[in-house]
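Here's the letter readout for the chains.
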Amino acid sequence: MKLELRFFASLREGLGLSGESIDAPPEVKTIADLRSYLVQRGNPWVEVLASGKVIRCALNQEMVSDSTPLVEGAEVAFFPPVTGG
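Residues numbered from 1 in each chain as written. Predicted model: local features only at pLDDT ≥ 70, side-chain atom pairs only at ≥ 80, totals over all residues. Heavy atoms only, no water.

*Asks:* Describe in detail the side chain of T30, supporting the description with residues and values.
*Replies:* Within the secondary structure, T30 sits in the loop between β2 (19-23) and α2 (31-39). If sequence neighbours within four positions are ignored, T30 has contacts with D66, S67, T68, P69 and L70. (Helix = DSSP H or I, 4+ residues; strand = E, 2+ residues; numbered from the N terminus. Contact = heavy atoms within 4.5 Å.)

*Asks:* With reference to specific residues and values, describe the nonpolar core.
*Replies:* In this structure, L3, L5, L34, L70, V76 and F78 are the most contacted members of the largest nonpolar core, which totals 21 residues. Those elements giving two or more residues to this core turn out to be β1 (2-7), α1 (9-15), α2, α3 (45-49), β3 (56-59) and β5 (75-79). (Core = buried A, V, L, I, M, F, W, Y, C linked by side-chain atoms within 4.5 Å. Buried < 20%, exposed > 50% of the residue type's maximum accessible area, 1.4 Å probe, protein only.)

*Asks:* Any details on the packing of aromatic side chains? Residues and values, ideally.
*Replies:* Scanning the entire structure with this criterion turns up two aromatic pairs. Pairing F7 with W45 gives two aromatic rings, centres 5.6 Å apart and planes at 70°, and the pair type is edge-to-face. Placement of F7 in strand β1 and of W45 in helix α3 is noted, with a sequence separation of 38 residues between them. Residues F7 and W45 agree in their burial class; the two are buried. Clustering of aromatic rings is evident, with ring pairs tying together F7, W45 and F78. When the ring centre of W45 is taken as origin, the NZ or CZ atom of R41, which lies over that ring, is 4.4 Å away. (Phe/Tyr/Trp six-rings, centres within 6.5 Å; stacked < 30°, edge-to-face > 60°. Lys NZ or Arg CZ within 6 Å of the ring centre and 35° of its normal.)

*Asks:* Account for the pattern of salt bridges, with residues named and values stated.
*Replies:* Taken as a whole and judged by the stated rule, the model has four salt bridges. The shortest N-O distance in the salt bridge between D23 and K2 comes to 4.0 Å. Remark: K2 occurs in strand β1 and D23 occurs in strand β2; sequence separation between them is 21 residues. Just as D23 is exposed, K2 falls in that class too. When salt bridges that share partners are traced, they join E4, R6 and E75 into one network. (Salt bridge = Lys/Arg side-chain N within 4 Å of Asp/Glu carboxyl O.)

*Asks:* Give a description of unusual backbone geometry that names residues and reports values.
*Replies:* The step from N43 to P44 runs through a cis peptide bond, and the omega angle for that step is 5°. One non-glycine residue, A9, adopts positive backbone phi at about 55°. Along the chain, the position of A9 falls in helix α1. Unusually for a residue other than glycine, N60 sits at a positive phi of about 50°. Considering the arrangement of structural elements, one finds N60 in the loop between β3 and β4 (62-64). The class of N60 is partly exposed, set by a relative accessible area of 43%.

Interpretation in functional terms is not warranted from these geometric data alone.
Structure, rendered in structure tokens:
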């Protein structure tokens, strides 16, 4: 499945890239699966996307949960939670 990934704020800084195109394997079916797949790349992916970290996700510019199914050609954005003050 082809996906367009986007990384924002501290995630972009930690990974050293703002986005990439990937061809995810068939077992990657949800946002959670995608995150686990990316963590398998090792550092810095482990540090930035570790399962204990709170990270927000959007699928085609709509906020989604980790259990949301992926779709072919989707844009998946990862970003840290936003705080205001």
